[in-house]
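# Structural characterization, general
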Amino acid sequence: MKNFKLLLLIVVVFLSISSCKKSNQTPNEEEAVNEPTPTPNNFKKIGETYIVGAKAKATIYSPKDLETGYNEIYIALNDSIDGTSLTNGTLSLTPLMNMGSMTHGCPVENPVGNSAVDGYFKAAVIFSMPGSSSEWSLKLNFLNNKNGLSGNGSININVALSSPAKFKSTTLALDSSKKVFISLIEPTAPKVGINNFEIVLHQKYNSNYYPAINNYSIEIIPEMPSMNHGSPNNVNPVNVGNGHYKGKVNYTMTGLWYVRLKIYKNGSVISSDQYFEMTLN
C-alpha cells in the first residue's frame, strides 16, 4: 500500500510539472510546436538537384508519375549548407528534350510570385512526347532571396505516354496553320454525373516558345459510341486565363465516352476533329 501511494504521488507531481510547462508557453510557441511540417501527401518524388551558385537544393515532387500532357510540379527548396527551408525567391523551370540531332522544349507554367505556398513552389509542365531520362531533362533557375545569389540545377526525368491520351497536337489550317497543343487536366477520375472539365491550350511558336491561347471558344460534345447517344446539362468550357478553359461534362452511365471538342475563333469553327477518350467503371 505504501508503494502504491508513493507511485501515485510521483504521477501527480509529474503531471503538475508538465501542466505548468505547457501553461507557461506563449500561444505562438504552442502553435510552433503543434504545426505539422508540410509534406506533399501521396506525391511521387521525381528527383533532387543542387542549384549551384544559389546555395540551394531542390527536391521535385508530382502527384503522379510524369506523363505526356499536363503535370503539376511541386518544388521544395532548402539551404544547401544548413538545410533550412527556402520559401522566398524567383524560380523558373525549363524542360528540354534532347533528340540527338535536335532539341526542343514544351509548354511550362512557372511558379506565380516569389513565395512558396505551404513550403512548395508550384509549377506545371506540359510534356509533348514520351521519353527516357537520357532524353528529357528539367532545368531549374533560382534567385535566392536569402542571400541574393542565383544559379541553375538540372535533373534527368522519365516521361511516360499517357493512356488514354491526355495530350493532343493538331495543325489548324483555318488559323494560319497554327500548331496547337491541347492538354486535358480534368476530370482525372471521371464518374457518373457532373464532372469538372478543364483543358489548356498552347501554340507552338517555335521549338522553345509555347504561348498560351486565350482567344478561342470551345464547345464540348460528349458521345457514348456503343450506345449512340450523348448527354444533357454540359457546360462549355470558357477561358479563365493562361490558356485554361473550364466547364462541366455530364456522364449519364458507365462505359467508354468520347468528349469531342469544337473549337471556334471569331465565331467560326476552326477545328472539330479532336476528342478525349474516357472510360467510366
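Definitions and cut-offs
- Each chain has its residues counted from 1, running along the sequence as written.
- Given that this is a predicted model, residues contribute local features only at a pLDDT of at least 70 and side-chain atom pairs are listed and counted only at 80 or more, while totals for whole chains, interfaces and linings are drawn from all residues.
- Each side-chain value is worked out from all heavy atoms of the structure, with water and hydrogens disregarded.
- Here a helix means four or more residues in a row that DSSP labels H or I, a strand means two or more in a row labelled E, and each is numbered from the N terminus.
- Relative accessible area decides the class of each residue, using a 1.4 Å probe on protein chains only: under 20% of the type maximum gives buried, over 50% gives exposed, and in between gives partly exposed.
- The criterion used for residue contact is that any of the two residues' heavy atoms lie within 4.5 Å.
- Note on aromatic contacts: the rings of Phe and Tyr and the six-membered ring of Trp form a pair at centre separations within 6.5 Å, being stacked when their planes are under 30 degrees apart, edge-to-face when over 60 apart, and tilted otherwise.
- By definition, being over a ring means that NZ of Lys or CZ of Arg is both within 6 Å of the ring centre and within 35 degrees of the ring normal.
- At least two DSSP bridges between two strands are required for those strands to pair.
- For every element, the axis is a line fit to its C-alpha atoms; helices are fit only across the contacting stretch, and the angle between N-to-C directions ranges from 0 to 180 degrees.
- Side-chain atoms within 4.5 Å link the members of a nonpolar core, which is a set of buried Ala, Val, Leu, Ile, Met, Phe, Trp, Tyr and Cys residues.

## Thoughts on the overall build of the chain
Along the chain, the regular secondary structure elements total 2 helices and 17 strands. Burial status across the chain gives 38% buried among its 281 residues. In the chain, the proportion of contacts linking residues at least 24 apart, taken out of those at least 6 apart, comes to 57%.

## Comments concerning the packing of aromatic side chains
The full count for this structure, using the stated rule, is 9 aromatic pairs. Ring centres 6.0 Å apart and planes at 85° place the aromatic pair Tyr61 and Tyr120 in the edge-to-face group. Taken together, the positions of Tyr61 in strand 2 (residues 56-62) and Tyr120 in the loop between strand 6 (108-109) and strand 7 (121-127) put the pair 59 residues apart, joining distant regions of the chain. Its relative accessible area of 12% is what places Tyr120 among the buried residues. With centroids separated by 4.7 Å and ring planes inclined at 45°, the aromatic side chains of Tyr258 and Tyr275 adopt a geometry described as tilted. Here Tyr258, found in strand 16 (residues 255-265), pairs with Tyr275, found in strand 17 (residues 268-280); they are 17 residues apart in sequence, far enough to count as distant. On the accessibility criterion, Tyr258 (18% relative accessible area) is buried. Of the residues examined, Tyr275 reaches a relative accessible area of 27% and is grouped as partly exposed. Grouping aromatic residues by their ring pairs yields a cluster made of Phe167, Phe181 and Tyr210. The cationic tip of Arg260 hangs over the ring face of Tyr275; the distance from NZ or CZ to the ring centre is 4.9 Å.

## Here we look at the environment of His244
Within the element layout of this structure, His244 appears in strand 15 (residues 244-251). Exposure remark for His244: the relative accessible area of 10% places this residue in the buried category. Sequence separation between His244 and Ile182 is 62 residues, and the spatial gap between their C-alpha atoms is 10.0 Å. With residues near it in sequence (within four places) discarded, His244 still touches Tyr70, Glu109, Ile185, Glu198, Ile199, Val200, Val238 and Asn239.

## Brief notes about the sheet that holds strand 16
Across the sheet, which stays open at both edges, the 3 strands sit in the order 13-16-17 with antiparallel pairing between neighbours. At either end of the open sheet lies a strand with only one pairing partner, and these are strand 13 (217-223) and strand 17. Strand-to-strand twist in this sheet, taken as the mean axis angle between neighbours without regard to direction, amounts to 20°. As judged from the 10 bridges shared by strand 16 and strand 17, these two strands associate in the antiparallel manner. Paired with Trp257 across the two strands is Met278, which belongs to strand 17.

## Some points on the environment of Gly69
With respect to the element layout, Gly69 can be found in strand 3 (residues 69-79). The buried category is assigned to Gly69, whose relative accessible area is 0%. Sequence separation of Gly69 and Ala165 is 96 residues, and the distance between their C-alpha atoms is 8.0 Å. If we skip the residues at most four places from it in the chain, Gly69 touches Val125, Ile126, Phe127, Lys166, Phe167 and Ser183.

## Remarks on the nonpolar core
Core analysis: the biggest nonpolar cluster contains 26 residues, and Ile75, Leu77 and Phe142 have the highest contact counts within it. For this core, the secondary-structure elements that each account for two or more residues are strand 2, strand 3, strand 4 (89-98), strand 7, strand 8 (131-144) and strand 9 (149-159). Discounting chain neighbours no more than four positions away, the residues touching Ile75 are Ala58, Thr59, Ile60, Leu91, Leu93, Gly119, Tyr120, Phe121, Ala123 and Leu140. Residues Ile182, Leu184, Tyr251 and Ile270 belong to the second largest nonpolar core, which totals 23 residues.

## Thoughts on the environment of Ser163
With respect to the helices and strands, the residue Ser163 is situated in the loop between strand 9 and strand 10 (167-172). Sequence-wise, Ser163 and Glu67 are 96 residues apart; in three dimensions their C-alpha atoms are separated by 9.0 Å.

## Observations regarding the side chain of His202
Considering the arrangement of structural elements, one finds His202 in strand 12 (residues 193-203). We classify His202 as buried; its relative accessible area is 3%. Contact partners of His202, with chain neighbours within four places excluded, come to Pro107, Ile126, Lys179, Val180, Phe181, Tyr210, Pro211, Ala212 and Ile213.

## Regarding the side chain of Gln203
Residue placement: Gln203 occurs in strand 12. Residue classification places Gln203 among the buried positions, given a relative accessible area of 19%. What Gln203 contacts, discounting residues up to four positions off in sequence, is Lys178, Lys179, Tyr209, Tyr210, Pro211 and Ile213.

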